[in-house]
Structures are given as structure tokens and as C-alpha cells.
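The residues making up each chain are set out below.
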Amino acid sequence: MEGWDPNTKSTLTQIPLLTTKAGPRDGAVWTQRLKEEYKSLIAYTQMNKSNDNDWFRISASNPEGTRWTGKCWYVHNLLKYEFDLQFDIPVTYPSTAPELELPQLDGKTQKMYRGGKICLTVHFKPLWAKNCPRFGIAHALCLGLAPWLAAEVPILVDSGMIKHKDDATTSTET
Amino acid sequence: MEVELKEMLHDLESLKQSLPDPSHRASIDKLRLRVEQLTSLEKSGPAQRLKVKDMSAEVVDSNPYSRLMALQRMGIVENYERIREFSVAIVGIGGVGSVAAEMLTRCGIGRLLLYDYDKVELANMNRLFFRPEQVNMTKTDAAVQTLSDINPDVVLESYTMNITTVQGFETFVSSLKNKSFRPNKEGSGVDLVLSCVDNYEARMAVNQACNEMNQTWMESGVSEDAVSGHIQLLIPGETACFACAPPLVVASGIDERTLKREGVCAASLPTTMGVVAGLLVQNTLKFLLNFGQVSPYLGYNSLKDYFPTMEMKPNPQCSNVACLERQQEYIVAKPARDAALKAKMEAEALLVPDCPLHADNEWSISVVDDSGLDSMDAASSDTLPEGLVRELPSADKSQELPTSEAPLTSNDDLEDLRRQLEALNS
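Residues numbered from 1 in each chain as written. Chains lettered and ligands numbered in written order. Predicted model: local features only at pLDDT ≥ 70, side-chain atom pairs only at ≥ 80, totals over all residues. Heavy atoms only, no water.

Asker: I would appreciate a short explanation of the overall build of chain B in the present structure.
Answerer: If you tally the helices and strands in chain B, you get twelve helices and nine strands. When each of the 426 residues of chain B is scored for burial, the buried share is 42%. Considering only contacts in chain B between residues 6 or more positions apart, those separated by 24 or more positions represent 65%. (Helix = DSSP H or I, 4+ residues; strand = E, 2+ residues; numbered from the N terminus. Buried < 20%, exposed > 50% of the residue type's maximum accessible area, 1.4 Å probe, protein only. Contact = heavy atoms within 4.5 Å.)

Asker: I'm lost on helix 2 (residues 28-50) of chain A in this one. Help?
Answerer: In an α-helix, one turn spans 3.6 residues; hence positions three or four apart end up facing the same way. Spanning 23 residues, helix 2 of chain A covers 33 Å between terminal C-alpha atoms, matching the ideal 33 Å at 1.5 Å per step. Count one or two residues on from helix 2 of chain A and you reach D52 of chain A, which has phi positive near 55°. (Expected span 1.5 Å × (residues − 1).)

Asker: Honestly, the packing of helix 4 (residues 97-106) of chain B against helix 8 (residues 270-289) of chain B in this entry has me stumped. Any pointers?
Answerer: How two helices pack is summed up by the angle between their axes together with the distance between the axes. All names here are of chain B. Close contact between helix 4 and helix 8 brings their axes to 9 Å; oriented N to C, the two are set at 45°. It follows that helix 4 is oblique to helix 8 by the angle criterion. Crossing geometry of helix 4 relative to helix 8 is assigned as right-handed. Residues V99, A100, M103 and L104 of helix 4 lie in contact with helix 8, whose contacting residues are G274, A277, G278, L280, V281, T284 and L285. (Axes fitted to C-alpha atoms, helices over the stretch in contact; angles between N-to-C directions. Parallel < 35°, antiparallel > 145°, perpendicular 65-115°, else oblique. Left-handed = near helix turned anticlockwise from the far one by under 90°.)

Asker: Even after reading the chapter, I still don't get the interface of chain A and chain B, so can you show me in this structure?
Answerer: Interface size is often expressed as the accessible area that is lost when the parts come together. Contact residues are listed per partner, giving 47 residues for chain A and 44 residues for chain B. Here chain A and chain B share an interface that buries about 4000 Å² over both sides, 58% of which is from carbon and sulfur atoms. The tally of links from chain A across to chain B stands at two salt bridges. Among the salt bridges present, the one from E201 of chain B reaches K125 of chain A, with a minimum N-O distance of 3.0 Å. Counting across the chain A and chain B interface gives eleven residue pairs in polar contact (both at pLDDT 80 or more). Those elements that provide at least two residues to the side of chain A that touches chain B are helix 2, strand 1 (56-60), strand 4 (112-113) and helix 3 (125-130) of chain A. A per-element tally of the side of chain A that touches chain B places helix 2 of chain A first, with eleven residues. (Buried area = accessible area lost by both parts, 1.4 Å probe. Salt bridge = Lys/Arg side-chain N within 4 Å of Asp/Glu carboxyl O. Polar contact = N/O pair within 3.5 Å; in protein donor to acceptor, adjacent residues only side chain to side chain.)

Asker: How should the pattern of salt bridges be read in this particular structure?
Answerer: Residue and element names in this part refer to chain B. For the structure on display, the rule yields 27 salt bridges over all chains. With a closest N to O distance of 3.8 Å, E85 and R182 form a salt bridge. Placement of the pair is E85 in the loop between helix 3 (66-73) and strand 1 (87-91) and R182 in the loop between helix 6 (166-177) and strand 4 (192-195), with a sequence separation of 97 residues. Take R182: its relative accessible area is 22%, and that puts it in the partly exposed class. One salt bridge in this structure joins R418 and E415, with 2.7 Å as the shortest N-O distance. Taken together, the residues R418 and E415, both in helix 12 (residues 414-425) and three residues apart, mark about one turn of the helix. Accessibility expressed as a relative area gives 17% for R418, which makes it buried. Among the ionic contacts, a cluster of salt bridges with common partners joins E13, K16, D29 and R32.

Asker: Just to check I follow, could you spell out the environment of T69 of chain A for this structure?
Answerer: All names here are of chain A. As for its placement among the helices and strands, T69 is situated in strand 2 (residues 67-76). Since its relative accessible area comes to 29%, T69 is described here as partly exposed. Sequence spacing of T69 and D84 is 15 residues, and the spatial spacing of their C-alpha atoms is 7.6 Å. Contacts of T69, omitting those with residues within four sequence positions, involve R57, I58, S59, S61, L85 and Q86.

Asker: In this structure, what is going on with the confidence of the model for chain B? I would like to understand it.
Answerer: Interpretation of this model should avoid reading the predicted coordinates in detail wherever pLDDT is low. Residues and elements named next belong to chain B. Taken over all residues, the pLDDT of chain B has a mean of 87, while the share at 70 or more is 88%. Confidence drops under pLDDT 50 across residues 375-380; counting only partners more than four residues distant or on other chains, this segment forms twelve contacts. A low-confidence stretch, residues 403-408 stays under pLDDT 50, and its non-local contacts, those more than four residues away or across chains, total two contacts. We note a pTM of 0.80 for the whole complex and an ipTM of 0.83 for its interfaces. (pLDDT = per-residue confidence, 0-100.)

Asker: Can you walk me through the UniProt feature "active site" (unreviewed entry) in chain A in this structure?
Answerer: This chain's UniProt record puts "active site" (unreviewed entry) on C119 of chain A. C119 of chain A sits in the buried class, given a relative accessible area of 12%. (UniProt positions renumbered as here; feature names shortened; annotations may be inferred.)

Asker: I keep staring at the pairing of strand 5 (residues 217-222) of chain B and nothing clicks. Help me out?
Answerer: Moving residue by residue along a regular strand, the side chains alternate between the two faces of the sheet. All names here are of chain B. Judged by how many residues are buried, strand 5 sits mostly within the fold: five of six residues are covered. As defined by bridge partners, strand 4 adjoins strand 5 across three bridges and the pair is classed as parallel. Note that in strand 5 the partner of V193 across the bridge is W217. Relative to strand 6 (residues 228-234), strand 5 is paired through six bridges, and the arrangement is antiparallel. Opposite G221, over in strand 6, you have H230 as the bridge partner. Connecting strand 5 to the next strand, strand 6, in antiparallel fashion are five residues, including A226 with a positive phi near 70°. (Pairing = 2+ DSSP bridges.)

Asker: Before we go on, may I ask you to explain the sheet that holds strand 3 (residues 155-160) of chain B in this structure?
Answerer: All names here are of chain B. Ordered in space as 3-2-1-4-5-6-8, the seven strands form an open sheet in which the pairing is mixed. Both outer strands of the open sheet, strand 3 and strand 8 (297-301), are each paired with one neighbouring strand and no more. Strand-to-strand, the axes of this sheet are offset by a mean angle of 15°, without reference to chain direction. Helix 6 rests against strand 1, strand 2 (111-116), strand 3 and strand 4 of the sheet, and its axis sits at about 175° to strand 2. Contacts from helix 7 (residues 200-213) reach strand 1, strand 4, strand 5 and strand 6 within the one sheet, and its direction differs from that of strand 5 by about 175°.

Asker: Help me understand the side chain of R33 of chain A in this model?
Answerer: Residues and elements named next belong to chain A. Inspection of the secondary structure puts R33 in helix 2. Residue classification places R33 among the buried positions, given a relative accessible area of 0%. Looking at R33, its side chain comes within polar contact range of the main-chain oxygen of T20, at 2.9 Å. A distance of 2.8 Å separates the side chain of R33 from the backbone oxygen of F135, its partner in a polar contact. When sequence neighbours within four positions are dropped, the list of residues in contact with R33 reads L18, T20, A22, Y93, P94, P133, F135 and G136.

Asker: Would you mind showing me how to read the state of the cysteines here?
Answerer: All names here are of chain B. This structure, assessed with the given rule, holds zero disulfides over all chains. A disulfide-free cysteine, C196 has its sulfur positioned 12 Å from the sulfur of C210, the nearest such atom. A disulfide-free cysteine, C318 has its sulfur positioned 3.7 Å from the sulfur of C244, the nearest such atom. (Disulfide = S-S within 2.5 Å.)

Following this line, the structure appears as C-alpha cells:
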């Protein structure tokens, strides 16, 4: 965890860790894991809200809890940039992390694989591997997606690759 | 050609209109039909060669298999034609997988199962196999198009899907189990699975499926900086599975800091990918046709032209449950395996003249079996030969939390938790 900012570190220590090692094909044990995922997501969301650092919405879009969809946003120069967020829980979860996707940014940055999967190889995958099965979805968002947004959104905005939604509408009006 | 045929149709039509005598109309219609047939033939592309019933060793220009069958005459392969009985599944039809598929197709493999969810892009043109006019086709469709032209004898099945999702994985497993190609084959419906994917998640999914099915497979990979690669043979229970230890990568052998990695997620070269595909298919042919030595692991460092090899025993503490089951079965089957080996040795011994290898043994030197259980410890897979490093760390157990809390919280209701998160989301 060297090189991480103290804020992320202290937030991370407060996200409840998970104990059940189970994937979506493991039946009842997966339900147990899913409960732990919910608890740690609830705790993380509450913590973000109370620290005035709310930055995502995520919910399971199927009853099995294998597909998740929602939104995430990042504030840059006092403007809020919001993106769709989606991912599947892989069959080999939690040995492998979910591949977080921002489909609207597909093809707009090099730090991304096909289909809008953000590149997590260097900054996140080793941490996930080391902390299996204690890390869950909330940890993936905190250590995978948050730093990616912080690094990429300013570059995307400054290079004109993405526009703020108000800018986009005014430019079409004029 | 197509334009000319179209003009001819047009001319026929005007001829038909201008003819006062209706008695010729029937023959003009007949002519028109034939031109239309020609047009559709033209559209279906250049004529394919016909299927071949038996592989012939006859050396003539028109025999697609003469140079392969010559392997028998040279004493390399005992029975080359067996290749037509084999089914190989290739997961990932990218820079390595597509080339491997072409190699096996040209070798006359019986059946190929192709898995990929991606489309062909112009950005793929720095690699082999795909052509610019195939851009936007799925990689599986484009591959079937090219491969069936090259060799119509090969049975091709394509699956356009992501095997890491729950649904994709189920389809993947059931397609491997399908035995309609050779109903009396033992085990699964395929002889070998080749993993040619570009990410850890998909490799772990292949590993999971093969461990569960007790299916032998080969893994291949090219580094993100495009200068090194590897192939690995995985026999569930017998060799290390992909989850037994963190994946190995071939160290570049030069100062890592001098390698630029910023900006781009992955680089690729047709050369490195072609070399790795060649190594992979060579190992596949040796495995299927039973010649030479099948490599358990072969690395390729292109910067130093260094090829490390090694063997990896399975980890008795592997995190994959199916791997542990296969390991147990392998241990249980040891006496039978030893007996079979002994019988084979004895059969071979009958062929050589019966005399002692060494008449006296002054120092009581004896050969001991070192492939037993005692050497199967986790440490054995921790020592790596020079030039190989681990890609990811192992899960550390030192921070294991007290789990006294778990039983208390386990009777929470999933629906209730879901509602709580939804309330926070609104």
C-alpha cells in the first residue's frame, strides 16, 4: 500500500472486510458472500455520504447478484462528470476481481480494454490478489475505480475527449 | 465479372420485351435462370477445393497432405492420419489463437472449437491472420471464413461469447462436453484446450473448467510489452494448475525502469505472437501425435533470446477446490500408474538381451524414486529458475481476521440488505 494517499488508506481500513470465499456458482455460500458484499457496500456508501464524498451508485441488476449496474461521477474544476458503471461477477470470483466497465468512455482513453473495461493491472490487481478473499466490490470501487477516475477524468476533460453535459447542450444550442 | 453478368441479365430482359413472338420466352427465361445461377456462384467466391476422404501420402502437387504424411516416412510420427480424430478448443482468437487455429487447420486437425467475443479491428492488423476487409466481423466468424477456405476438411465450431460470465461459462463447459464428433471418445468431447486469451480472468475461467472436467490444457501468453511469452502444459492433478501459484512471467532481463509502460495498456508484435503460437502448436502436435518431448513450461525472452524451461508440481494448498480433488485422484491412481509403467518397462526389457547392466555393485548404489509424495510440497513451486518472476503476489494469510462475528451476522436477510443499499442509492 505504499504510494497511496492517506485519505484512501484511512477510508479503506473502515470498509468491512469479507470472509466467505465463494463465487456465483457456489450456491448457498454465494448468498452468504453476497450478504457480506451488501454490508460492505452499505458501510462504504454511508461513510462516503457522511464525509461528503459520495461518488457512486451501484446495485445488482439480477436476483443472483452476478450483474451490477449504476453510475459513478467525478468532480473536476467544480464540474461534475457522470458515467454509467457496470460489471459482471466472474465465475472465478473472488480469485479474480470484477472487471469494472465504463462503456461511455470506450475508445476514448488508452487506459482501457475492449468494451470500456478500465485498466487495473498495475495499481489494483496485485492488491486484490494479495487480499483474496477479504476484498469485495466496495474495495474494488475504492482502490480500482476511484484512483482511475482521479487520474483519467482530468486528462479526458483537458484534452477535450469528454465535455461537461452543460457545455454539450450549450454548444448545440448556439 | 459480376457487373458483366448483371448487364447480361439486363440485355436478356430487354430482348424478352422486344420479342413479339412469345414462343421464345421460355428459352429466354431459361437463359436468365442460368445467368442468375452464375451470379450467385460468383458471389460465393472462388471455388473451394473439395473435401478429402483419406489423407494420402502420394507426392503430387494436388495432395494437400503429402508433406505432412511425409513425417511418417521420416520416422517422426507413427500415424499422422490420427490427427483427423482430434478435437482442439481454442479460447481467444487473437494474435496467438488465430495463428494457432490456422496452423492446426493446415495440419488437417479433425475439429476446432473457437471462442471469442471480440470483433476484428484495424488495430489488430499489426498481427497475423485477420485481413482489413474483415474489420467489424466477429473474430470467430472471420476465422471460420478464412479457415474453411484453407481446409474444408476441418470441422469448425464457433462460439461468440465471454467465458468469464456465469452464462458464458456454462455454454463453454457444455460445448467441451459435447461428444457428437467422436461418440466413443473417453472423457470430454475435446482432446486439448488451448488458452490464447490476453487476461488473467479468462485464464482462471479456463483453469476452473478444465480442473472440474479433468481436461488437459495448454496455456499461452505474450507479455504486455510484447517482448516475451510462454507456453505451459496443465494436466489437472499431475502438474500445477493455473491457481496453484501466482502466474509466472518471463522477466525482460533488462532494467524494468527503462521499459516505458505509461500511456498504453498493451503493446503487441506479430513476431512474438507468431513465435508463441508456433511453440504452442508444436507442443500440441507432440502431445496429440505422441512424438518428441512435450514441454511442461517453455518461456521466451526475445530481448535476450533466452528460453527457460521448468516443471511445476501441484500445490497441496491450492485455493481451487477442483484442483485439490484432481490431486487426490492422481495420488490414489499412483499404484495403477506404477504397474502400467513397470509392465511397459518389462515389455521393453524383453526386447533387449537379458544381461545385468552392471555385474558388480561395490558401493551399493541404488536408484530411488524421487517422484513420490514427499516432494509434493508447496516450497517446490516457490523456487523459480533464472529469468522467471511471479506476476501477482500470493494471497497473504497473516492478516486472517477473527471470524467470531460471522455466525452472528449470517442470518441477515439478503432482501433486507438489498433494500438498505437501494435506500442509500435513492
